[in-house]
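# Residue-level structure breakdown
Letter by letter, the chains look like this.
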Amino acid sequence: MSMPECGARVLSYVDALREGITQEMARDPSVLLFGLDVDDHKAIQGSTRGLVDRFGPERVFGTPLSEDAMTGVAIGAAMTGLRPIHVHIRNDFLMLAMNQIVNVAAKAHSMYGGRVSVPLVIRSIIGKSWGQGAQHSQALYPLFMHVPGLKVVLPSTAHDAKGCMIAAIRDDNPVIFIEHRLLYFTETEVPEAPYAVEPGRARICAAGDAATVVGISNAARDCLRARALLQDTGITCEVIDPIWLSPLDTDTILASAARTKRLLVVDNGWTTCGAGAEIIARVLERAGPGAGIQVDRMGFAPTPCPTTPWLEADFYPQPERIARKVLCMVTGRDDDWTPNAAARQQSEDIAFKGPF
Amino acid sequence: MHPNRTDIARLYESLRLIRRVEEAIADVYPTDRIKSPIHLSIGQEAVSVGVIDTLAPADIVAASYRCHAAYLAKGGDLKAMIAELFGKAAGVAGGKGGSMHLIAPEVNMLGASAVVATQIPLAVGAALTQKMKGTGAIVAVFLGDGATEEGVFHESLNFAALKRLPVLFVCENNGYSIHTPLRARWATDRLTERVATYGLPAARIADGDVFAIRDQAAGFVASIRDGRGPAFMEVQTYRWKEHVGPNADFDAGYRPESEARPWIDNDQLPRLGALIDAEERAAIDARVETAIAEAFAFAEAASPPPLEDLLAHVHA
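Residues numbered from 1 in each chain as written. Chains lettered and ligands numbered in written order. Predicted model: local features only at pLDDT ≥ 70, side-chain atom pairs only at ≥ 80, totals over all residues.

### Structural notes on helix H3 (residues 67-79) of chain A
Residue and element names in this part refer to chain A. Where we set the bar: Starting at the N terminus, helices and strands are each numbered in turn, a helix being any DSSP run of H or I of at least four residues and a strand any DSSP run of E of at least two. An expected span of 1.5 Å times one less than the residue number is assigned to each helix. Counting other C-beta atoms within 10 Å of a residue's own tells you its class, since 20 or more makes it buried, 12 or fewer makes it exposed, and anything in between is partly exposed; those C-beta atoms are placed from the backbone.
With 13 residues, H3 ought to run about 18 Å at 1.5 Å a step, and its terminal C-alpha atoms sit 18 Å apart, in line with that. Most of H3 sits out of view: 13 of its 13 residues are buried. Among the residues trailing H3, Gly81 stands out with phi positive, at a value near 120°.

So this is what it looks like as structure tokens:
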């Protein structure tokens, strides 16, 4: 997450996503994109804007509100030679598609002895802020990590949004591609030429030696903010973004944690049976009993997400709480440390007005 | 589409093959050579045979877990099918699918699916591919009456009609969802009428007549091939055996044997057998028996999958 070089091109996450899709659709006529409202004036928060004009309504179309059937349609199309991208405006809505995703897409290649494959990308967006509430804010990626046959990716930067999208479209397996709404506005350097951020490789976003902090999706950004908040204390943590949760790059996380002896995973979801639990278990299994790695995890409060902003703010593992957790892990102290005011202001999340 | 002697002999051979294969499966089942569930089509063969006879080789077939009839009628390999049931490496899916997941890409049969109604949108997706790629092929999907109660059936009809996709929906209405009869599941039995409101032609065949099934399918297939969008057929039929397994189950109390009697009397297999001359029939029957004997011997002798296959094919 270094600053872009002088003259390098900077794009927002949403523009990078759309560029990745556009380049793949231009390259490969078997790629098509559909989902409720992908062709309306809001264009899935801009991520599909212009696609129908460029590629036509045969390849880019809105669908009836039929997540179950449209997921099956996508799978059937994928089995017979197309490479569909099925788009959902919220991750929560994938619950309506679980039968097809879990019982068909994930299993087809194995269940049919390798005689068919399902090159399918299922996009969905995690909502946060402006009171998204219990049914528009969920981040249910551990459900998909649980099932063999699926790949799961949550890019946290514009660069990775484009690269992961290209990798997902080119992959011959069903890929659950989860975006975070608050990341849509963030910018990084994004090369114009197509490139793939390949499955199974984590990224060390910032180096450090006091603790290893793994953040998933938007939590990777929160971890970087927490790292900045801790600057005064002299504690420098290493921040790792796994990017792909299935397949998971345990090696990179293990190597870091074995060096720092402290591993904190900040989930962008609930901790019970979460990605953090899986990451910590894999690291400790591999490290062995003598490794002496101290572990902890953070995530959503164990409750459905409230709408009211007074409670919603506390539902999420905010950067300041992450920083305090790291401090506690490193020093053993659980005191009333607070970051300086300027750093704190910088760490505040992007806010936006709704209604949508 | 008046059937000539060649047509009748072809239909008879297909019916005969499916019936005898499934009888052979039922015979061997108590030996536990097949260690997974089987859902026999005995009594329902005319639906698959009549419909698939109207398709071209490039056309695609999708089916539920009760898939033996569709698989064989489409020309799926018998040896690979029996080897699959026996769990052998030479099976259609290397032993990983079994009876409920037969697949035959070489004859354009999609993999059969064992969660009721899941195959319906897959077939619609396959039809979307044919339309987008302009292949001219169409898709026929077989589903049971129980599948019509799933929401995805209605979602799939709507989308296929909306996009005028080349797909023929064929409901094999055998009156039971496992053991629960229609009268305990539907307020009215006007399924065909319900389906027509989605904006596609829909027809019911009530008597199980293989020629009537074939005629209706031929008309719909021609219309679909002309680009006039999907169609739906409800074919009433009857399952002679238990929902899953090799036995009759009239002693279980949920349906009387008298209910089966008209269907058994109306069995299309002897009906067609009587329409062809004895010498030709004997030749067909001998061919079928030889093929079955060879397939079971092949499956028996085939090797089990090696242990390393366990983790093969999780990802493509």
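Now that the structure is up, let's keep going.
### A word on the interface of chain B and chain A
Formally: Here contacts are defined at the residue level, using C-beta atoms placed from the backbone and a cut-off of 7 Å between them.
Counting from both sides, the interface comprises 36 residues of chain B and, opposite them, 34 residues of chain A. Secondary-structure elements contributing two or more residues to the side of chain B that touches chain A are helix H5 (119-133) and helix H6 (151-162) of chain B. In terms of residue count, the dominant contributor to the side of chain B that touches chain A is H5 of chain B (eleven residues).

### Observations regarding the sheet that holds strand E13 (residues 262-270) of chain A
Residue and element names in this part refer to chain A. Here is the rule: Pairing between two strands is assigned when DSSP locates at least 2 bridges connecting them. Orientation is described by lines fitted to C-alpha atoms, with helices fitted over the stretch in contact, and by angles between N-to-C directions that extend from 0 to 180 degrees.
The sheet built from five strands is open, its strands ordered E9-E11-E10-E13-E14 with mixed pairing. Two strands close off the open sheet at either side, each with one partner strand: strand E9 (203-206) and strand E14 (294-300). Pairs of neighbouring strands in the sheet enclose a mean axial angle of 25°, with direction left out of account. Sitting on the sheet, helix H12 (residues 319-331) touches strand E10 (211-215), strand E11 (237-241), E13 and E14, and the angle it makes with E13 is about 155°.

### Things to note about the packing of helix H1 (residues 5-28) of chain B against helix H11 (residues 278-301) of chain B
Residues and elements named next belong to chain B. Filter applied, for reference: If an angle is under 35 degrees, it is roughly parallel; if it is over 145, roughly antiparallel; if it lies from 65 to 115, roughly perpendicular; otherwise it is oblique. A clockwise turn of the near helix away from the far one marks a right-handed crossing, whereas an anticlockwise turn of less than a right angle marks a left-handed crossing.
The contact between H1 and H11 brings their axes to 10 Å, and the two run at 40°. As the angle between them shows, H1 and H11 are arranged oblique. Pair H1 / H11 crosses with right-handed handedness. Contact residues: H1 offers Ala9, Tyr12, Glu13, Arg16, Leu17, Arg20, Val21, Ala24 and Val28, while H11 offers Glu280, Ile284, Asp285, Val288, Glu289, Ile292 and Phe296.

### Thoughts on the domain arrangement of chain A
All names here are of chain A. Operational definition: Domain borders in the structure are assigned automatically or taken from a domain database. Amino acids are sorted into nonpolar (Ala, Val, Leu, Ile, Met, Phe, Trp, Tyr, Cys and Pro), charged (Asp, Glu, Lys and Arg) and polar (every other residue, Gly among them).
Split by domain assignment, chain A resolves into domain 1 (10-189) and domain 2 (203-346). In this structure, domain 1 and domain 2 have C-alpha centres spaced 27 Å apart. On the domain 2 side, the residues contacting the 25 residues of domain 1 number 22 residues. Counting residues per element, the ones that place at least two in the side of domain 1 that touches domain 2 are helix H6 (141-145), strand E6 (151-153), helix H7 (158-170) and strand E7 (174-180). Classifying every residue of the side of domain 1 that touches domain 2 by side-chain character gives 16 nonpolar, six polar and three charged.

### Quick look at the sheet that holds strand E6 (residues 202-205) of chain B
Residues and elements named next belong to chain B. With parallel pairing, five strands are arranged side by side in an open sheet as E1-E2-E3-E7-E6. Bordering the open sheet on either side are strand E1 (60-62) and E6, each of which pairs with just one other strand. Each neighbouring strand pair of the sheet contributes to a mean axis angle of 15°, computed without reference to strand direction. Note: strand E2 (residues 139-144) against strand E3 (residues 167-173), six bridges, orientation parallel. Paired with Leu143 across the bridge in E3 is Cys171. Its contacts with the sheet place H5 against E1, E2 and E3, and it is angled at close to 175° to E2. Contacting E3, E6 and strand E7 (231-236), helix H8 (residues 210-225) runs over the sheet at an angle of about 170° to E7.

### Quick look at the environment of His88 of chain A
Residue and element names in this part refer to chain A. Residue position: His88 is located in strand E4 (residues 83-88). Along the sequence, His88 and Thr157 sit 69 residues apart, while their C-alpha atoms lie 20 Å from each other. When residues no more than four places from it in sequence are discounted, the contact partners of His88 are Gly35, Phe93, Leu94, Arg123 and Ser124.

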